[in-house]
Amino acid sequence: MNPTIDKITGKLSDQSLLFRSTIKLVLLVSFAELILYRLVSRLGMHLSKLAQEHEWIVPTFTALTQIGQWLLNVVAILLFLALGVAAISRVASRGFTGVNAIVIPCVALLLLLTAGFLLVPPAFLGSAIYNLVALVALTTLMVEYISTHSEWSHRAVGITYLLGVGGWLYYQIMSTIYSFIGTVQAPPFVYEAHRGGEGLLVLSSILVMWAYGQGVSFRTRNQRQRRRAIWFWATSVSLFTSMLFLDYFLHQYNPAMASNIRKAADGIGWIFQFGMGYTFFLPFAFYLTGLLCWSYTVIKLLNMGRLAGYGLGLMFIAGYALLYSNLTLMVVLGAMLLTMDRQKRDAAESAPVTNGPMVSAPDSLAGGHV
């Protein structure tokens, strides 16, 4: 009997050229749209007083916003193409059975509704149906992800992300339905779901490093990696603790400086609230920790050419408040990519491979060495 080995399946290099190119473009353009449109345009609105003193601010931020709006349309087109190719690939490899019987119709309906809303703006009922279909698709994909990943770290990421985005979708669905029926009564647990969902999404962005960010673990036998892990975690804990109590220490040292820094932090929070939906009701240190953990993990996975890097990148680039239909499609596509990255136990070949490379060449986002 041949021994079994664990290997990663569903790497980007295993996909077709069209799929690889589309996924890379979606991630790149989505990140550019996040920076130029959802964040920079809000920053320009926040600098209205400064714009009165410097004439170059208004035309500069206006141009960046226009570029961001153009990128928003490009992202939508790429998402249509990527979701179509991913759906066809799922049907071709697994057939129209199991979770595909739910996921594929939901994805097709989301694409049809998105195209229809371009012609006819959605009313209350249309928005509720759209968010409900998105919730069903995301729930099905995350259930598939949890069932095919036995590691508790992976399951923790899937559960917290689903409950996080689910809190926002529940808030949107119930608020829209109550507005449609014309009642002034607040939906049950709608504000609790909104706040709890944001906290869980931040927690999920931290947990991705536990699930996928290998290389900073104390359990390794490599002394160099262990020392690196000690320095990394010692620095991370120190920075987190410092930021958590930064306002208190600054207030004790210089109340005026603390007030100015607090106003600057409020401005940053305002930009991210309108750009990604975070209200920053938690201490700022948690959001920064989530950003650093997510960034490290996504960059590491992209360099390895794993689809999980592209999936996690899209899921968190979309943010918490899915105010645009392209953000909802981005989350669904990211979840589909995440389910494609898994470990499979295969029989090892009995014949040894001689003179083979120790490490395979990764299919990174940059596409190779320059």
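All values reported here derive from a predicted model rather than from experimental measurement. (Residues numbered from 1 in each chain as written. Predicted model: local features only at pLDDT ≥ 70, side-chain atom pairs only at ≥ 80, totals over all residues. Heavy atoms only, no water.)

(A) Looking closely at the packing of helix H4 (residues 100–119) against helix H5 (residues 124–148). Where H4 contacts H5, the axes come no closer than 9 Å and their chain directions differ by 150°. What the angle tells us is that H4 and H5 run roughly antiparallel. When you trace H4 past H5, the crossing you get is left-handed. Residue-level contacts link Ile102, Val103, Cys106, Leu109, Leu110, Leu113, Thr114 and Phe117 of H4 to Gly126, Ile129, Tyr130, Val133, Ala134, Val136, Ala137, Thr140 and Leu141 of H5. (Axes fitted to C-alpha atoms, helices over the stretch in contact; angles between N-to-C directions. Helix = DSSP H or I, 4+ residues; strand = E, 2+ residues; numbered from the N terminus. Parallel < 35°, antiparallel > 145°, perpendicular 65-115°, else oblique. Left-handed = near helix turned anticlockwise from the far one by under 90°. Contact = heavy atoms within 4.5 Å.)

(B) Here's a closer look at a nonpolar patch on the surface. Taken together, the side chains of Phe124, Leu125, Ile129, Ile177, Phe180 and Ile181 define a hydrophobic patch exposed on the protein surface, amounting to about 570 Å² of accessible area. Those elements giving two or more residues to the nonpolar patch turn out to be H5 and helix H6 (152–180). Per-element accounting of the nonpolar patch gives the leading share, three residues, to H5. (Patch = residues over 30% accessible without salt bridge, like charges linked within 9 Å, V, L, I, M, F, W, Y side chains within 5 Å. Areas by Shrake-Rupley, 256 points an atom, 1.4 Å probe, with all protein chains shown as cover. Salt bridge = Lys/Arg side-chain N within 4 Å of Asp/Glu carboxyl O.)

(C) Summary view of the packing of H5 against helix H13 (residues 325–340). Closest axis-to-axis distance for the H5/H13 pair is 9 Å, and the angle between their directions is 15°. With respect to H13, the element H5 is oriented roughly parallel. Here the hand of the crossing between H5 and H13 comes out left-handed. Between H5 and H13, the contacting residues are Tyr130, Ala134, Leu138, Leu141, Met142, Glu144 and Tyr145 on the first element and Ser325, Thr328, Leu329, Val331, Val332, Ala335, Met336, Leu338 and Thr339 on the second. Taken together, the residues of the contact of H5 with H13 sort by class into 12 nonpolar, three polar and one charged. (Nonpolar A, V, L, I, M, F, W, Y, C, P; charged D, E, K, R; others polar.)

(D) Examining the environment of His149 more closely. Here His149 is to be found in the loop between H5 and H6. His149 sits in the buried class, given a relative accessible area of 4%. Considered as a pair, His149 and Asp341 are 192 residues apart in the sequence and their alpha carbons are 9.5 Å apart. One polar contact links the side chain of His149 to the main-chain carbonyl oxygen of Tyr145, over a distance of 2.8 Å. At 2.8 Å, the side chain of His149 and the backbone oxygen of Asp341 are in polar contact. (Buried < 20%, exposed > 50% of the residue type's maximum accessible area, 1.4 Å probe, protein only. Polar contact = N/O pair within 3.5 Å; in protein donor to acceptor, adjacent residues only side chain to side chain.)

(E) Representation of the nonpolar core within the structure. Among the nonpolar cores identified, the biggest contains 75 residues, and Phe19, Met142, Leu333 and Leu337 are the most heavily contacted of them. For this core, the element with the highest residue contribution is H13, accounting for 11 residues. (Core = buried A, V, L, I, M, F, W, Y, C linked by side-chain atoms within 4.5 Å.)

(F) Quick look at unusual backbone geometry. In this structure, Phe189 takes a positive phi of about 60° despite not being glycine. With respect to the element layout, Phe189 can be found in the loop between H6 and helix H7 (190–212). Phe189 gets classed as exposed once you look at its relative accessible area, which sits at 63%.

(G) Just the pattern of salt bridges, in detail. All told, the structure shown has four salt bridges when counted by the stated rule. With a closest N to O distance of 3.0 Å, Arg90 and Glu144 form a salt bridge. On the criterion of sequence distance, the pair formed by Arg90 in helix H3 (residues 57–94) and Glu144 in helix H5 is long-range, its members being 54 residues apart. With relative accessibility at 3%, the residue Arg90 sits in the buried group. The shortest N-O distance in the salt bridge between Asp341 and Arg306 comes to 2.7 Å. Placement of the pair is Asp341 in the loop between H13 and strand E2 (342–347) and Arg306 in the loop between helix H11 (284–304) and helix H12 (307–317), with a sequence separation of 35 residues. Owing to a relative accessible area of 1%, Asp341 belongs among the buried residues under this scheme. One network of salt bridges, in which partners are shared, links Arg90, Arg94 and Glu144.

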